[in-house]
Each structure stands twice: as C-alpha cells, then as structure tokens.
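Now for the letters of each chain:
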Amino acid sequence: MKRSASSISKATSRAKKPRPEVPEYHLTPSVRDESGEAIWPAPRAQIELARKFILECASAKKKTLIVPDKDADGLTSGAILQKTLVLLGLEPGLISAHLLQKGSNIHDERERVAMTAHEPEYIFVLDQGSRKSPAVIDSPHKALVIDHHWALDDDFPEGSEHVTACNSPPVATSSLLTYHICNELHEQVHESCDWLCAMGTHGDLGNTLKWEPPFPDMKATFKTYTKKAVNEAVSLINAPRRTATYDVPAAWAALTAAASPSDLLKNHSLLAARAEVNAEVERCTHTAPKFSSDAKIAVFRINSAAQIHPVIATRWAGHLQSPKLEVILVANEGYLPGMVNFSCRIPRSARARDPPVNIIEVLKSTAAKAPNPTLRERLGESFARGHKEASGGIVPKAEFEEFMDILEIGKKPEGDSPRKARKDAAPKQSNTLMNYFGKKTTA
C-alpha cells in the first residue's frame, strides 16, 4: 500500500537533525605577542626556563623525582621526561617516580610524606593540575611544574617554577608540551618519544585531532606506528587507573618498558584491566539522566568503585542533544567512601556556542547561588578543577546534595508547558449558541 503524501511529510519531519558542526580544535585562534608571533604551546620564557631546569638537573647528577598524573597524558609526559634525562646523561638509578594513591592529589599530607621519602633534590610535577599551595615537600629541593590545566598566575606550589599551556590556545596537552620542551635538548628525543607524545595528546584531545599547525607534523610518526596502534595503546594505558584496584603502577611499568605502542598491545595486565573497565562501563552507562530546572545541566548518577564517570560523561556528551543543554555531569557515589566524584563535559550540541560554555564558571556560579554562603568553601579545593571544557570535582556527599538542590534536578520549569500555555492564552468565544439561547430576557 502506498503511503500518503501527508505520512511521508510527517516521517520527514521526524528525521534526525544534522549533528552540529564543531570547529576543528587546531583552528582555535592563538594568542600572539607584540611581534605577531603565536604564543604556543606556552610562553617562550617559560619554555626556556623549563629547558634550563632540565639541563641543570641532568648535569647535577642528584636524586630526581618524577610525579606524573595517572592518565595517558600524564604518564606519557613522565615517560618523555625520564627518557630525556637519561639521554642527557642522568643515571637511571637516580630517577624515581611517585604515583599518587587513589583519590589523592600532590597536596595531601600523606603524598608529601611519601615524596619526601625519596629524598629528591629535583622534582618534576607533570599534568597534576595546579593550585596555590605550600612547597611540594618541606625538605630542600627544586621543583618544576609542567601542566596545561586552567590556573591563575599564582596557582602553583610555593618556590616552584612552572610552564603551562593553559593560556596559549589551542591548549596543548602536557605530553605535547613536555615533548616540545625536550625535543630541543637531545637529537634522539624525537625518535624515542614521538609516539609517546601522540599517545598522550590523543588521550586528552581524542583520536580525531588533526595534526596541523600549530600542532607539529606527525605524519612520519603515524606512518611508523599507525594511528590504530597509538589509539589502542591509549585505551590500554588508561585502563588500570580506572579499575577498582587503581593499578597505576602497572601502567607506568608497562609504558616505561615499551619501545613502541605495539609493545603495549600484548601486555596481559593492561588487556585484563581494559576488559574489567569495559564491563563496568556497560553496566552503568545506561543510567537515565535527570535535568536541572533550566534544562542546562543533565545529571547521571552511578555507583561504582571504578573510575568510569569520565568515560560515561564523554560518551553521553557525544549523544545527548538539546537546544538548552550546556553540561553533562556524571556523579559517582561509589568511588571513594563518603565522597562523590563527578565529571563534566560539554555536549557536542553546545561546543560551538558563542560565547563558549565554560564548565568551571558554570559550577562556580551555581555554587554561589546556595542559600548557605558557606557551601563553596565546604565543597573544597577539588571542586571545579581541570579545564573549561572538561571539569569536575571530588566533594563530600552532603555538600554534593546541597549542590544538586540548587540545580533543582528533576523539577520542571515553573508554569505550564508552552503548548498548554498557548492553548490557555487563546481568546474564548463568548457569543456561543448555548449562552445565546440561555440568556434570560429582562422585563
């Protein structure tokens, strides 16, 4: 039976809307200096300072501590730096790595004690995020922070030096920044570390990134190792830190022992970790969202001992669409006792907004609306950290519920639906037949 023209028209109207076009990341306008040169991937003075610091460390022949973040970007940053220091002549026996415990940051006292135990004279903090704080450790040392997370000028440990990409769009990853710094220090850095740079960058910016200016030309790298192998290696290196056991040491050991991405693809420990994480993601990813009363924030609540909340947030950011939606928030109540770990991402449908969505500002401005003015302080230093496009926090459960109350999750906007409002607003006919014939005649 042929369909009528009206049915075809209705089917067409129900067709999926085209996905909004998102500007290519590398096309983000760069900040330029007075001469018109792009300030990328970080201010030149900071880059030169970092190079001098690394050369000084290598020549000093003293105990050195590398403190990389737990993800692909952080771990590859640390691996690039370690290989560079060895190429520059620092004995491998003088280099140690400190990997943070689950739910910790470098400012926690137990981590400061653990770092102090290495008795380092030089400390490199890579991709850990930055905040104003006391010195990395109390004993005498020299510290360099290499980072790309959002930070103010004084958001660094006391007495440390720093180089950051956060104010030089398109913001480079920590691994790319580290590679850029180290590549000029020894001729073998390129051939031994280019694949690590590619891994870390794809780990943070995704595997669809176009390696076009200002990003370096990596055609030769991907011809040697293939993008498929690099992306597979990223997935495997990220897996251990997402497991309930938080086995970051396994990822670090595998990465620093590897000579290429293919070495990681056969690692049984990494493969088992990824299988565990994939199963947990599948269990939790179908959670239904609830929306803030203004429809700008979609909240997914899960309970898992695995660090899968960022994965689920990224997944939903690619699928959930709404004209008003600005932030995807996935809250995990099972990751740390008494705490809620949450990750936020900008949905694809909102990535081309003008002005752009700033998750950090959205979170902070929401907290500022709390009836109790102490909420922002009680949410702690780990609230609204990270990047403008990818933020989150680790906050006490009670304070998180206060934050949810401000958003009015699940509450519909005040007033009736637009359709009902239009119906009610329509003028009613007063001269109907019923009230015409029902009129009483007056004497």
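The structure we're discussing is the one just above.
Residues numbered from 1 in each chain as written. Predicted model: local features only at pLDDT ≥ 70, side-chain atom pairs only at ≥ 80, totals over all residues. Heavy atoms only, no water.

Asks: Whenever I open this one, unusual backbone geometry confuses me. Can you help?
Replies: Trans peptide bonds make up the majority, and among non-glycine residues the majority have a negative phi. Proline 169 connects to proline 170 through a cis peptide bond whose omega is -10°. Mapped onto the elements, proline 170 comes out in the loop between strand 5 (161-164) and helix 5 (174-182). At the junction of proline 213 and proline 214, the peptide bond is cis and its omega measures out at 10° in the coordinates. A positive phi is found at aspartate 127, a non-glycine position, where the angle reads about 60°. Positionally, aspartate 127 belongs in the loop between strand 3 (122-126) and strand 4 (142-147). Positive phi is not limited to glycine here, since glutamate 408 has a value of about 55°. (Helix = DSSP H or I, 4+ residues; strand = E, 2+ residues; numbered from the N terminus.)

Asks: I'm lost on the pairing of strand 9 (residues 339-345) in this one. Help?
Replies: For strand 9, a buried count of six out of seven residues is recorded, marking the element as mostly surrounded by other parts of the structure. The pairing of strand 8 (residues 327-332) with strand 9 spans five bridges and is classified as antiparallel. In the strand pairing of strand 9, asparagine 332 is matched with asparagine 341. The turn joining strand 8 and strand 9, which pair antiparallel and follow one another in sequence, is formed by six residues; a positive phi near 75° is taken by glycine 338. Bridging between strand 9 and strand 11 (residues 390-396) involves seven bridges; their strand directions are antiparallel. (Buried < 20%, exposed > 50% of the residue type's maximum accessible area, 1.4 Å probe, protein only. Pairing = 2+ DSSP bridges.)

Asks: I would appreciate a short explanation of the nonpolar core in the present structure.
Replies: Nonpolar side chains tend to gather and get buried jointly when the protein is soluble and globular. In this structure, Leu85, Phe124, Met199, Ile237, Leu255 and Leu264 are the most contacted members of the largest nonpolar core, which totals 62 residues. Ranked by residue count, the leading element in this core is helix 6 (residues 189-205), at seven residues. Once residues within four sequence positions are removed from consideration, phenylalanine 124 is found in contact with Phe53, Ile54, Cys57, Thr64, Leu65, Ile66, Val67, Leu81, Leu85 and Leu144. Formed by 27 residues, the second largest nonpolar core is a distinct cluster that contains Val299, Ala350, Phe403 and Leu407. (Core = buried A, V, L, I, M, F, W, Y, C linked by side-chain atoms within 4.5 Å. Contact = heavy atoms within 4.5 Å.)

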